[in-house]
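In case you want the letters, here they are:
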Amino acid sequence: MVITRSDLEPLVQAAAFPDKTPYRSLSVRKIQELAKQTGLSGRTIELAALENGIVPERYARNLRTFSLADQAALLKSHAGVVGLGGLGGTVTEILARMGVGRLTLIDGDRFEDSNLNRQLLSSLANLSRPKAEAAAERVGQINPSTDVAVHACFLTAQNAAELLADCQVVVDCLDNLRTRFEVEDAGRLIGCPMVSAAVAGASGHITTIFPEDRGLRLVYGEPHGLPLKGAETSLGTLPYSVAFLASLECAEVAKILLGRGHLLRDKLLVADLTEGLIEVMNLR
């Protein structure tokens, strides 16, 4: 079945942006009702609405920084998130709310008490629960139009390319230096760019890497002999640092998927939130 303009028009309501510019709106409830009636996904209905100049109300505040075409492009996009702890939980939340249509979520870990200070998906009820399971449930609660492929396993050199197949961008949210390089290698193999961030205490850094770039070697050097963990082992991980770097990662994802804006490619953004300092360094 194909959703047509005539199917949507009876469900449309008049609305206005905060600056009083009018638009035609389709509510979340109406999308859910139509999905139930037709057996189609919410994502299919939202795409049909956008293609007919109708704004799914859940995305109204994305517009007009994003155009209708931009929002449709995001709904057609596929992002992978590796690591669903502090960075990854927040990245998953933002990408789902932003309207990325397909998410591949990868993590073999479970929540523990020490995650509660910073990991958005952690809660008392989720302690000892698989992070991947909680992430998939959360996406379903906030945007069921986002299709989720969940993998409750750890990414390795052997399974990385298979797990990330078809992704248009992968977001590195790991605290494991060696696995970061395995994500980068998989990106090279499947031709997928990667956004990589790390947090330690009140500081962090972020860079964007395309398959042909030297990438992580410009940040960490050669992977052989690197420690398993970075500076977070001695500095801890503060919640506001995590939220800040996760937001920057999502901004890079949006720029990659929409093909506009200045990427942090061959650059390293370094932030020290205690000193209020942000610096962007050229890596080549």
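Residues numbered from 1 in each chain as written. Predicted model: local features only at pLDDT ≥ 70, side-chain atom pairs only at ≥ 80, totals over all residues. Heavy atoms only, no water.

Of note, the bond from Leu63 into Arg64 is cis; its omega dihedral lies within 30 degrees of zero at 15°. Of note, Arg64 is situated in the loop between strand E3 (55–56) and helix H4 (68–75). Here the phi dihedral of Lys20 falls at roughly 80°; this positive angle occurs in a residue that is not glycine. Phi at Asp266 is positive, roughly 60°, even though this residue is not glycine. Position of Asp266 relative to the elements: it lies in the loop between helix H11 (239–258) and strand E10 (267–272). (Helix = DSSP H or I, 4+ residues; strand = E, 2+ residues; numbered from the N terminus.)

This next bit is on the pattern of salt bridges. Counting across every chain of the model gives 21 salt bridges. Its salt-bridge partner being Arg43, residue Asp147 comes within 3.2 Å of it at the nearest N-O pair. One end of the pair, Asp147, is in strand E6 (residues 147–151); the other, Arg43, is in helix H3 (residues 42–51), and 104 residues separate them in sequence. Classification of Asp147 by relative accessible area gives partly exposed; the value is 32%. Judged by relative accessible area, which is 17%, Arg43 ranks as buried. As a salt-bridge pair, Arg138 and Glu93 come within 2.8 Å of each other at their nearest N and O atoms. One end of the pair, Arg138, is in helix H6 (residues 131–142); the other, Glu93, is in helix H5 (residues 86–98), and 45 residues separate them in sequence. (Salt bridge = Lys/Arg side-chain N within 4 Å of Asp/Glu carboxyl O. Buried < 20%, exposed > 50% of the residue type's maximum accessible area, 1.4 Å probe, protein only.)

We now examine the packing of H5 against H11. One can describe the packing of H5 onto H11 by two numbers: an axis separation of 9 Å at closest approach and a directional angle of 45°. Here H11 runs oblique to H5, going by the angle between their axes. With respect to the hand of their crossing, H5 and H11 are arranged in right-handed fashion. Touching Gly86, Leu87, Thr90, Val91, Ile94, Leu95 and Met98 of H5 are Val242, Leu245, Ala246, Ser247, Glu249, Cys250, Val253 and Ala254, all from H11. Here the residues of the contact of H5 with H11 sort into 11 nonpolar, 3 polar and 1 charged. (Axes fitted to C-alpha atoms, helices over the stretch in contact; angles between N-to-C directions. Parallel < 35°, antiparallel > 145°, perpendicular 65-115°, else oblique. Left-handed = near helix turned anticlockwise from the far one by under 90°. Contact = heavy atoms within 4.5 Å. Nonpolar A, V, L, I, M, F, W, Y, C, P; charged D, E, K, R; others polar.)

Turning next to the packing of aromatic side chains. By the definition in use, this model includes 2 aromatic pairs. Over the ring of Phe210 we find Arg265, and its NZ or CZ is 4.3 Å from the ring centre. (Phe/Tyr/Trp six-rings, centres within 6.5 Å; stacked < 30°, edge-to-face > 60°. Lys NZ or Arg CZ within 6 Å of the ring centre and 35° of its normal.)

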